[in-house]
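What follows is each chain in one-letter form.
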Amino acid sequence: MATLDAFDKENTLKNQRIEKVGGQSFESFRTFPGKLQTQISNLRGGTCEIREIQTLESLPAERYFDALDGPELDTLRDSEETVLPRDKKWPFLLRFPISSFGICLGVSSQAIMWKNLASSASTKYLHINPLINLVIWLIAIVLILIVSSTYILKIVLYFEAVRREYHHPVRVNFFFAPWIALLFLCLGFPPTISKTLPSIIWYILMTPIFCLELKIYGEWMSGGERRLSKIANPSNHLAVVGNFVGALLGASMQLKEGPIFFFAVGLAHYIVLFVTLYQRLPTTKTLPRELHPIFFLFIAAPSVASLAWARITGSFGYGSKIAYFTALFLYFSLFLFSYYTSFNLHGFTSFIIETSRFSLAWWAYTFPMTGAAIATIAFTNVAPSLPTKALTIMLCTVATVTVATLLVTTIIHAFFFQDLFPNDMAIAISNNRPKMKLWSHKLSKNADSIIAQYLKFSDSFSINDTKVISVGSDSV
């Protein structure tokens, strides 16, 4: 009973502390313009109210893994404290995550697919109207403008929230998404407007991608707390696929060395990432058994790589076919894995319950599916047959229906249900560990040191035994 009373007292004090902070807790996430506006409002009426603004320190990567759960590290553990109130609805910009750019990736990739359907020789019999490409491309531009302007406002007004997303082991990969979406727009540029684009656009778009890669790939190799073996997640594919998309666009603009450079960088890091995600070293946490939409990012890199290499070499040769068949195998294996885990392990009722929980993470299905469909169109151009044409129609239909369904569902949840952007607990975690967690963390460190000392002792003991045995055998 004493333990329960102490626990209730601690929760009461925690809630009182949150209520005391109230709107002031949002103040710590605001940048200078937001704080200045608050101070000006406090000065109205001739009175000056001085507020102590809480400063938030940056969090290490291991803190995100300790405090959060889920494939995207977006679910807060029950034992964790937050620096923002849980029982209040936060300002919209604080609830608007960087992963919202996944919508732009899905729609802009559709513009490329319909452009290829209208212009490819293997799909001429479908008589696709080029205006479809134009309409989807314009919709993609509108979406990119809306999402980009909203996130720019978040940077201006709540820079601390953006900084925490940038340090998040999973969210940081989505900072590639705006630039990849713009590359998709260039690749899906309607030929009815113009058939060529100036090459300077490629250099402008690849510069931020290159800068982000220097930072992220350096952390992967440095061996620190953000090394790849510790933070490996399917979302890391976003940090790789930009190389292949950039190589595809550069080769389409008749550039030579730049596309090969980014293709080589992407290929080297994709192989390392692919092996790491398959191997799942003991230093990382196991991935969940249920299929998550983010797993479909496995398909994106090999699909785009096959297209990029075909554009660089001038033909859909053996290298492109190897990458394409890898993507195709992953595509169907993920579908079979989805069926097995959803129906055989949990049953149909559980599957319906899980699929009814819509979130922005579902957009991870879209552009990998569309990329596989585009690669299938290119493969059908060099291997036209009834099975390949049927496969093209099937994958393009699945990708289109998926994007259209998710777009309508997103609009419904955003404007009617108004539950598309819940409180983003991933940016509100505290740097204070729970007492029990801190104790177990220290205990695990001590256990690791004891095990290491034991292994050293056992190794040295075995060496000495070997020497004794060898000496004894020599004397005999």
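Residues numbered from 1 in each chain as written. Predicted model: local features only at pLDDT ≥ 70, side-chain atom pairs only at ≥ 80, totals over all residues. Heavy atoms only, no water.

Caption draft 1: Inspection of a nonpolar patch on the surface at higher detail. Taken together, the side chains of V408, I411, I412, F415, F416 and F417 make up a nonpolar region of the molecular surface, amounting to roughly 670 Å² of accessible area. Secondary-structure assignment places F417 in helix 17 (residues 386-417). (Patch = residues over 30% accessible without salt bridge, like charges linked within 9 Å, V, L, I, M, F, W, Y side chains within 5 Å. Areas by Shrake-Rupley, 256 points an atom, 1.4 Å probe, with all protein chains shown as cover. Salt bridge = Lys/Arg side-chain N within 4 Å of Asp/Glu carboxyl O. Helix = DSSP H or I, 4+ residues; strand = E, 2+ residues; numbered from the N terminus.)

Caption draft 2: Summary view of the side chain of R95. Mapping R95 onto the fold places it in the loop between strand 2 (75-76) and helix 5 (101-119). In this structure R95 is buried but unpaired, with D419 as the nearest side chain of opposite charge at 9.3 Å. Of note is the side chain of R95, whose polar atom sits 2.8 Å from the backbone oxygen of W90. (Buried < 20%, exposed > 50% of the residue type's maximum accessible area, 1.4 Å probe, protein only. Lys, Arg positive; Asp, Glu negative; His and termini not counted. Polar contact = N/O pair within 3.5 Å; in protein donor to acceptor, adjacent residues only side chain to side chain.)

Caption draft 3: View of the pattern of salt bridges. Counting across every chain of the model gives eight salt bridges. The residue R63 makes a salt bridge to E80 at a minimum N-O spacing of 2.4 Å. Taken together, the residues R63 in helix 4 (residues 61-67) and E80 in the loop between strand 2 and helix 5 connect sequence positions 17 residues apart. Across the salt bridge formed by R164 and E160, the nearest N and O atoms sit 3.2 Å from each other. Here the residue R164 and the residue E160 both occupy positions in helix 7 (residues 159-167), the gap between them amounting to four residues, near one helical turn. Assessed through its relative accessible area of 10%, E160 is described here as buried. A cluster of three or more residues bridged by salt bridges with shared partners is formed by K154, E165, R171 and D424.

Caption draft 4: Examining the packing of aromatic side chains more closely. Summed over the entire model, instances satisfying the criterion amount to 29 aromatic pairs. With a centroid separation of 6.1 Å and an interplanar angle of 70 degrees, the aromatic rings of F101 and Y151 are classed as edge-to-face. Here Y151 lies in helix 6 (residues 130-157) and F101 lies in helix 5, a separation of 50 residues in the sequence. In this structure, F101 and Y151 share a single accessibility class: buried. Grouping aromatic residues by their ring pairs yields a cluster made of W202, Y203, F210, F261 and F262. Over the ring of Y166 we find K215; its NZ or CZ atom is 4.4 Å from the centre of that ring. (Phe/Tyr/Trp six-rings, centres within 6.5 Å; stacked < 30°, edge-to-face > 60°. Lys NZ or Arg CZ within 6 Å of the ring centre and 35° of its normal.)

Caption draft 5: Just helix 11 (residues 238-252), in detail. Taking 1.5 Å of rise per residue, 15 residues should cover 21 Å, and helix 11 covers 21 Å from first to last C-alpha, within 8% of that figure. Looking one or two residues beyond helix 11, the residue adopting positive phi is Q254, at roughly 70 degrees. (Expected span 1.5 Å × (residues − 1).)

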